[in-house]
Amino acid sequence: MRRVHQPNADVFVRNRIDLALPGAEERIAGRLRETGLVTVDGLASRAAVLAFVTRIMNLVPHRDSDPDGLTTICDTRRDAHRAGFAGFGNGPLDPHTERSGTPNPPRLMLLVCGQAAVTGGECLLTDGQALHSDLFTGERQAGIALAQPRTAFFGAGDGHATQVFTVHHDLRVSVRLRFDGLARWNPMVQPYLPQLRAAAVRHQVRLGLAPGQGYLLDNERWLHARRAFTGDRLFWRALGQPLFPMPRGFVPAPTSVRTPMLSEAG
């Protein structure tokens, strides 16, 4: 019987690093510098997640984290209607950057499945390099506008004025995004938001994680989202700064048209 091809399963396998092998930390660091994404398994408990976290990052505590620094992601049945709390419901999540409304979002995000949903709940990931390339080739004016400084404001009253694409002085690029009620936009970029959203969804890959499986991503490169679900879905999330050097963002794809200015310089 011929095996059915499963491209999203291939995403997990292609990016998987065996945490039990010697030198796993070095391989993780190298993969994050190269592609910004690592998949892992064998993390069957909260204690196992914490033990892994201490090998790769310094945890960054925040509003939603528990005393041990991890955040429990589940349907609380009380917070989803509040702006910025949609992750604690059972609805879909738009592509976003973790902690986008802070001046310096944590560089790494680890998300591990403790209990899968009954239906739905798959993780959806968008490579910011692919998004950047798409908008600077097919929608060049959209890409240029979205790299202009201070054209977005993410967060509540104490949020952060920024832009979707930040071009650094070494010409590497970081992405930062959210689409919910805590995102406000300069009129010059509002006409391009439909193209931005469509491209972010177009480049999504799906990961249906089983208990003990997870992904680790570069929060300056990858956007993540979620499908709606039913059942008692439970995940653990860790945000932090890497214990190894990482250059900012990503190198634009060769097909991308460079922005005509440096976002950092304004």
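Everything numeric in this text was worked out from a predicted model, so none of it was measured. (Residues numbered from 1 in each chain as written. Predicted model: local features only at pLDDT ≥ 70, side-chain atom pairs only at ≥ 80, totals over all residues. Heavy atoms only, no water.)

Asker: It is not clear to me how the packing of aromatic side chains should be interpreted in this structure. Could you clarify?
Answerer: What characterises a pair of aromatic rings is the spacing of the ring centres plus the angle enclosed by the ring planes. A full pass over the atoms with the stated rule returns three aromatic pairs. Seen in terms of ring centroids, Phe85 and Phe88 are 6.5 Å apart; in terms of plane orientation they differ by 45 degrees. Their pairing is tilted. Lying across the ring of Phe85, Arg82 places its NZ or CZ 3.9 Å from the centre. Just above the ring of Phe229 sits the side chain of Arg233; from NZ or CZ to the centre is 5.5 Å. (Phe/Tyr/Trp six-rings, centres within 6.5 Å; stacked < 30°, edge-to-face > 60°. Lys NZ or Arg CZ within 6 Å of the ring centre and 35° of its normal.)

Asker: Explain the sheet that holds strand E8 (residues 152-154) here, please?
Answerer: Strand pairing in a sheet takes place through backbone hydrogen bonds and is either antiparallel or parallel in direction. The sheet built from three strands is open, its strands ordered E9-E8-E12 with antiparallel pairing. Each end of this open sheet is capped by a strand with a single partner; those strands are strand E9 (160-162) and strand E12 (183-185). Between one strand axis and the next, the sheet turns by 25 degrees as a mean value, whatever way the strands run. Both E8 and E9 contribute to a ladder of three bridges, which runs antiparallel. In the sheet register, Phe153 faces E9, and the bridge partner there is Ala161. (Pairing = 2+ DSSP bridges. Helix = DSSP H or I, 4+ residues; strand = E, 2+ residues; numbered from the N terminus. Axes fitted to C-alpha atoms, helices over the stretch in contact; angles between N-to-C directions.)

Asker: Sorry, what's going on with the sheet that holds strand E13 (residues 204-207) here?
Answerer: If you trace the four strands from one edge of the open sheet to the other, you get E4-E15-E7-E13, paired in antiparallel fashion. A strand with exactly one partner marks an edge of an open sheet, and here the two such strands are strand E4 (93-96) and E13. On average, each strand axis in the sheet is inclined to that of its neighbour by 20 degrees, with strand direction left out of account. When E4 meets strand E15 (residues 222-226), the two strands line up antiparallel, connected through two bridges. Across the sheet, residue Leu93 finds its bridge partner in E15, namely Arg226. Of the strands in this sheet, E4, strand E7 (123-127), E13 and E15 are in contact with helix H6 (residues 193-202), which crosses E13 at around 45 degrees. (Contact = heavy atoms within 4.5 Å.)

Asker: I keep staring at the pattern of salt bridges and nothing clicks. Help me out?
Answerer: When the charged atoms of two side chains lie near each other, side chains of opposite charge can form a pair. Scanning the entire structure with this criterion turns up 14 salt bridges. With its nearest N and O atoms 2.6 Å apart, the salt bridge here joins Asp64 to Arg63. Judged by its relative accessible area of 17%, Asp64 is buried. One salt-bridge network, held together by shared partners, links Arg107, Asp218, Glu220 and Arg248. (Salt bridge = Lys/Arg side-chain N within 4 Å of Asp/Glu carboxyl O. Buried < 20%, exposed > 50% of the residue type's maximum accessible area, 1.4 Å probe, protein only.)

Asker: Explain the side chain of Thr166 here, please?
Answerer: Turning to its location among the elements, Thr166 is positioned in strand E10 (residues 165-167). The class for Thr166 is buried, based on a relative accessible area of 14%.

Asker: Would you mind going over unusual backbone geometry with me for this structure?
Answerer: Working note: non-glycine residues mostly have negative phi, and peptide bonds are mostly trans. Although it is not a glycine, Arg77 adopts a positive phi angle of roughly 65 degrees. Within the secondary structure, Arg77 is located in the loop between strand E3 (71-74) and E4. Phi at Leu171 takes a positive value of approximately 70 degrees, unusual for a residue other than glycine. Structurally, the position occupied by Leu171 is in the loop between E10 and strand E11 (173-175). Using a relative accessible area of 31% as the deciding quantity, one classes Leu171 as partly exposed.

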